[in-house]
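# Geometric and topological summary
One letter stands for each residue in the lines below.
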Amino acid sequence: MTYPPPYYPNPQAQAPVRRWWQHPALIISLLVLIPPVGIALAWLSPWSQVKKVVATVLAGLWFLTPFLGDPPKKTAADAKPQPAATQPVAATATPPAAASTAPTPTKSPDPQMPAVVGKPFGEAEKAVEDLIDKELTALSAYNDVELPAAYTDWIACFQSPGEGTTLVPKDADTSVHLVAPGTRCPAEKNTTLRPKSTPTPPPAPTPTPEDDDTSSGGSSTGGGSAGTVTPGAFCSTPGATGIGKKNGKLYTCKGPSPDRWRQ
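## Side note on the state of the cysteines
As enumerated under the stated definition, the model contains two disulfides in all. Residue pairing for cysteine 157: its cysteine sulfur links by disulfide to cysteine 185, the two sulfurs lying 1.9 Å apart. Its S-S torsion of about -75° marks the bond between cysteine 157 and cysteine 185 as left-handed, since a negative value means left-handed. Here the residue cysteine 157 occupies a position in strand S2 (residues 155-160), and cysteine 185 occupies one in the loop between strand S3 (175-179) and helix H7 (209-218), the gap between them amounting to 28 residues. Under the relative-accessibility criterion, cysteine 185 is labelled partly exposed at 36%. A sulfur-sulfur separation of 1.8 Å characterises the disulfide bridge that pairs cysteine 235 with cysteine 253. Disulfide cysteine 235 to cysteine 253: torsion about the S-S bond roughly 95°, handedness right-handed. Separated by 18 residues along the polypeptide, cysteine 235 in the loop between strand S4 (225-229) and strand S5 (241-244) and cysteine 253 in strand S6 (residues 250-254) bring together distant segments of the chain. Each member of the pair, cysteine 235 together with cysteine 253, is buried.

Right, here's the structure in full:
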């Protein structure tokens, strides 16, 4: 009986070449991440039939699970209407301090009367008339001093209205009372700079004993003319008349008591 010769594998025979897309690690990663691609590569690989079927079933379930589950329930917040998406606005470069802490100042609708007392009228005029529609009125601080034709350098002693008063530009009435440069301001408006002197009346004549004697002698005739008399001197005869020594006027001896030479 003849037997076939024994088979000895050739040690120099080479194993079949495996492509890069047939690498098990790559196929398993794609079965998890991209199941359709992973399944296709699994069937092109040298895996056994059983491994290919198992890999296909598991990858298919993994791929279809999100689509087979129940849809998520809407919460109360999701049920509310959401505002429309707006385009983001590019932020403007702003200093940190101004953007976070500094409030935006509000502008007063009406200006306020500035302080102009002590300033020349020209300077006061510009400061006030920049705020209102009317002109600044100039008046003299003294009753007996008139403003000259040019008074730009005259100094303001009083102002109306006062400093800080709110002004309505179209209706504001403003004025200043002025004095000439080098002249002191009065304590109050409408004062006289050079008051007129009041004449002093002459003192009343003081009777002397001699006058009294004269008047007494002149009135001794009783009831008639006493001749020359001293005005204001005592007399003893009511109704008697006499002529003043110095002024030549007619005087009468009469009361109230005591009787004197009176006009």
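## Brief notes about the sheet that holds S6
The sheet built from four strands is open, its strands ordered S4-S5-S6-S7 with mixed pairing. Of all strands in the sheet, those bounded by a partner on one side alone are S4 and strand S7 (260-262). Between one strand axis and the next, the sheet turns through 35° on average, direction left out of account. Where S4 lies against S5, three bridges are found, and the strand directions are parallel. Among the inter-strand pairings, serine 225 is bridged to a residue of S5, identified as threonine 241.

## What to know about the pairing of S5
In this structure, S5 lies alongside S6, joined through three bridges in antiparallel fashion. Bridge pairing in S6 places threonine 241 opposite threonine 252. The hairpin turn running from S5 into S6, its antiparallel successor, is five residues long, and glycine 248 in that turn takes a positive phi close to 70°.

## Considering the pattern of salt bridges
It is possible for side chains of opposite charge to pair when their charged atoms get near one another. Applying the stated criterion to the full structure yields two salt bridges. When the shortest N-O distance is used, the salt bridge between aspartate 130 and lysine 126 registers 3.6 Å. For the residue pair aspartate 130 and lysine 126, the accessibility class agrees, reading exposed in each case.

The rules behind the values
- Residues numbered from 1 in each chain as written.
- Predicted model: local features only at pLDDT ≥ 70, side-chain atom pairs only at ≥ 80, totals over all residues.
- Heavy atoms only, no water.
- Disulfide = S-S within 2.5 Å.
- Helix = DSSP H or I, 4+ residues; strand = E, 2+ residues; numbered from the N terminus.
- Buried < 20%, exposed > 50% of the residue type's maximum accessible area, 1.4 Å probe, protein only.
- Pairing = 2+ DSSP bridges.
- Axes fitted to C-alpha atoms, helices over the stretch in contact; angles between N-to-C directions.
- Salt bridge = Lys/Arg side-chain N within 4 Å of Asp/Glu carboxyl O.

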